[in-house]
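# What the coordinates show
What follows is the residue order along each chain.
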Amino acid sequence: MNAIGPGCVLYMGNAMLSDNLKLIELPSTDELACSDDIPVDNEDQNFLPNILLFLLNSIWASRTDWFFGVDMAIYHTTGANPRVPVVPDGFLSLGVERKKGGKSRRSYAVWEEDDIVPILTLEIVSYTPGNEYDDKLEIYRKLGVLYYIIYNPEYWQHDQHQPLCVYKLVDGNYELQIKEPLWLPEIGLGIGRHQGEIGGIEQEFLAWYDESGNRYLTAEEKAEKLAQHLRSLGVDPDNLPGN
């Protein structure tokens, strides 16, 4: 039996010895580091997950029972040390507060979230390989993440994988799902790639879809669609009253 440090719960292997000690002795997020101090080496690792977050802010505007983290540490008790986090490029949790206690999270500690693990994690393959297909896959499998997504738009042929791999946890193991966009019934959204314009730049990005396969539009696209509709009615959107 090993102790993992002052203020931490005792473990025997990966098993917790006492459930009633869990909330008392595990460190709080105020004590834990809020990042892994490793700089993002690919702008898409921050930009693309934020597109998904901004879309959710619109799609689920009336909901407060979800949280989408970008480049945020997840602390959990399924590894050797609960003070060592895994830091996905993006992750989604359902059934948690949008703002925990009305405040922004420093990090995500599973034991402070009613033991709710993320239902989806996203890794974007960067210029420097990050073991997305092996080590991280095993971490998320043990953690119990239902959907693990790897987006690899540039190096997928070299890695002998698809540019977008969605793995679903089935009977304790990940199975690759073959469809795009892929409907995720437990989340109520689909996910897939789209080639379009973001901030005036044409590029491929990840997007959410409805059950019929229709893509949810970005705020920029909605504004342009409205402008086109106004023009069809003979109204100049650039010369509306108040502009």
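None of these values were measured; they are calculated from a predicted model. (Residues numbered from 1 in each chain as written. Predicted model: local features only at pLDDT ≥ 70, side-chain atom pairs only at ≥ 80, totals over all residues. Heavy atoms only, no water.)

### As for the environment of Asn46
Considering the arrangement of structural elements, one finds Asn46 in helix α2 (residues 44-59). For Asn46, a relative accessible area of 36% puts it in the partly exposed group. In this structure the C-alpha to C-alpha distance between Asn46 and Val70, which are 24 residues apart in sequence, comes to 6.9 Å. (Helix = DSSP H or I, 4+ residues; strand = E, 2+ residues; numbered from the N terminus. Buried < 20%, exposed > 50% of the residue type's maximum accessible area, 1.4 Å probe, protein only.)

### Details of the nonpolar core
Among the nonpolar cores identified, the biggest contains 53 residues, and Phe68, Leu92, Leu120, Ile187 and Trp208 are the most heavily contacted of them. Ranked by residue count, the leading element in this core is α2, at six residues. Filtering out sequence-adjacent residues up to four positions away, Leu92 remains in contact with Leu56, Trp60, Trp66, Phe67, Phe68, Pro118, Ile119, Leu120 and Ile187. By size, the runner-up hydrophobic cluster in this structure holds seven residues, among which are Leu32, Tyr75, Ala109 and Trp111. (Core = buried A, V, L, I, M, F, W, Y, C linked by side-chain atoms within 4.5 Å. Contact = heavy atoms within 4.5 Å.)

### Focus on unusual backbone geometry
What is expected of a backbone is that most residues other than glycine have negative phi and most peptide bonds are trans. The omega angle of the peptide bond from Glu180 to Pro181 is -5°, so this bond is cis rather than trans. Examined against the element boundaries, Pro181 turns out to sit in the loop between β10 (173-177) and β11 (182-184). Its identity is not glycine, yet Asp71 carries a phi of approximately 50°, on the positive side. On the basis of relative accessibility, which here comes to 29%, the residue Asp71 falls in the partly exposed class. With phi around 60°, Asp115 is a residue other than glycine that occupies positive phi space. Counting through the fold element by element, Asp115 comes out in the loop between β6 (108-109) and β7 (120-124).

### Focus: the sheet that holds strand β3 (residues 66-70)
Reading across the sheet, the six strands line up as β3-β5-β7-β8-β9-β10 and stay open at both edges, with mixed pairing between neighbours. Only two strands of the sheet have a single neighbouring strand rather than two, namely β3 and β10. Here the strands of the sheet are splayed against their neighbours by 20° on average, with no regard to which way each runs. Judged from the five bridges that link them, strand β8 (residues 147-151) and strand β9 (residues 164-170) form a sheet pairing that is antiparallel. By the bridge assignment, Tyr147 is partnered in β9 with Lys168. Relative to β10, helix α3 (residues 135-143) is tilted by about 115°, and along the sheet it contacts β7, β8, β9 and β10. (Pairing = 2+ DSSP bridges. Axes fitted to C-alpha atoms, helices over the stretch in contact; angles between N-to-C directions.)

### Remarks on the confidence of the model for the protein chain
Overall, the predicted model of the protein chain reaches an average pLDDT of 85, with 82% of residues at or above 70. Contacts for the low-pLDDT stretch residues 1-18, under 50 throughout, to residues beyond four places or in other chains number 39 contacts. Scored below 50 in pLDDT, residues 20-24 shows six contacts in the model against residues more than four places distant or in partner chains. (pLDDT = per-residue confidence, 0-100.)

### Some thoughts on the sheet that holds β11
Here three strands make up an open sheet; going across it, the order is β11-β12-β13 and the pairing antiparallel. A single partner strand is all that each edge strand has here, and the edge strands are β11 and β13 (201-209). Pairs of neighbouring strands in the sheet enclose a mean axial angle of 35°, with direction left out of account. Lying on the sheet, α2 is in contact with β12 (189-198) and β13; it crosses β13 at an angle near 50°.

### A word on the packing of aromatic side chains
Summed over all chains, the structure comprises eight aromatic pairs. Here the aromatic rings of Tyr140 and Tyr148 are separated by 4.9 Å at their centres, their planes lie at 55°, and the arrangement is tilted. By relative accessible area, which is 0% here, Tyr140 ends up buried. The buried category is assigned to Tyr148, whose relative accessible area is 0%. Relative to Tyr174, the ring of Tyr148 has its centre 6.1 Å away and its plane inclined at 45°; by these criteria the two rings are tilted. Residue Tyr148 is located in strand β8, and its partner Tyr174 is located in strand β10; the two are separated by 26 residues in the primary sequence. We classify Tyr174 as buried; its relative accessible area is 13%. (Phe/Tyr/Trp six-rings, centres within 6.5 Å; stacked < 30°, edge-to-face > 60°.)

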